[in-house]
Amino acid sequence: SAIAGGEAMSKPAVRILERVAFDLTIPGRPVAKGRPRLSKGHAYTPERTRDAEDALRWAMREKCPSPLAGPLEVCLYFRFAIPKNVRGIKRLQMRATYRTGKPDLDNLCKLVLDAANGILWADDGQVVKLTAYKTYQDEVATYIVVRAAE
């Protein structure tokens, strides 16, 4: 079975056979993984990073009751708001265009991959293909798609 634990052909297993194992939209501005901070000789994770990872984990657990097994493909879409000062035709043209600048794409991906460990997959080493985009959209969100790798 494609699901951890070798369960019989349940609905999640059937979905894996169709290649889309999991998809989830998390509303709100995407958050990048912050660098660990040092204080009094101890390293700690910044609060904003911790809060974002907790929100992702909660949403992932609701949608995916057990970790997926085997090699996986992950596609991440980080959707940011179109700046408020952009109006009219220019605003329409900005939809789905790439966002450059901060936050860095690799740090956005790192937060999602780390949050998904033990929930969507046993370890992020199972991710053999990663595709990610930063775009402007009307809907501000992080959209995650996980498929069985081919």
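A quick note: this is a predicted structure, and the numbers were derived from the prediction, not measured.

Engineer: Outline the overall build of the protein chain, listing residues and values.
Structural biologist: When helices and strands are tallied, the protein chain shows 4 helices and 6 strands. Starting at the N terminus and walking to the C terminus, you meet the elements of the protein chain as α-β-β-β-α-β-α-α-β-β. A total of 150 residues make up the protein chain; the buried ones form 35% of that total. Contacts in the protein chain between residues far apart in sequence, at least 24 positions, make up 82% of those at least 6 positions apart. Per element, the accessible surface of the protein chain, about 8,900 Å² overall, is 53% carbon and sulfur.

Engineer: Lay out the environment of Arg87 with the relevant residues and their values.
Structural biologist: Following the sequence through the fold, Arg87 ends up in the loop between strand 4 (72-81) and helix 3 (88-94). Overall, Arg87 belongs to the exposed group, its relative accessible area being 65%. Only 3.5 Å separates the side chain of Arg87 from the backbone oxygen of Lys84, close enough to count as a polar contact.

Engineer: Hey, could you go over the environment of Phe22 for me, with residue numbers and the actual values?
Structural biologist: The residue Phe22 is located in strand 1 (residues 20-27) in this model. Take Phe22: its relative accessible area is 2%, and that puts it in the buried class. For the pair Phe22 and Leu68, spaced 46 residues apart in sequence, the C-alpha separation works out to 9.1 Å.

Engineer: Residue-level account of the packing of helix 2 (residues 47-63) against helix 4 (residues 105-116), with values.
Structural biologist: For any two helices packed against each other, one specifies the crossing angle of their axes together with the interaxial distance. The geometry of helix 2 relative to helix 4 is characterised by a closest axis approach of 9 Å and an angle of 55° between their N-to-C directions. By the angle between their axes, helix 2 is oblique relative to helix 4. Of the two possible hands of crossing, helix 2 and helix 4 adopt the one that is right-handed. On helix 4, the residues touching Thr49, Ala52, Glu53, Leu56, Arg57 and Met60 of helix 2 are Leu111, Val112, Asp114, Ala115 and Ala116.

Reading the values: rules and limits
- Residues numbered from 1 in each chain as written.
- Predicted model: local features only at pLDDT ≥ 70, side-chain atom pairs only at ≥ 80, totals over all residues.
- Heavy atoms only, no water.
- Helix = DSSP H or I, 4+ residues; strand = E, 2+ residues; numbered from the N terminus.
- Buried < 20%, exposed > 50% of the residue type's maximum accessible area, 1.4 Å probe, protein only.
- Contact = heavy atoms within 4.5 Å.
- Areas by Shrake-Rupley, 256 points an atom, 1.4 Å probe, with all protein chains shown as cover.
- Polar contact = N/O pair within 3.5 Å; in protein donor to acceptor, adjacent residues only side chain to side chain.
- Axes fitted to C-alpha atoms, helices over the stretch in contact; angles between N-to-C directions.
- Parallel < 35°, antiparallel > 145°, perpendicular 65-115°, else oblique.
- Left-handed = near helix turned anticlockwise from the far one by under 90°.

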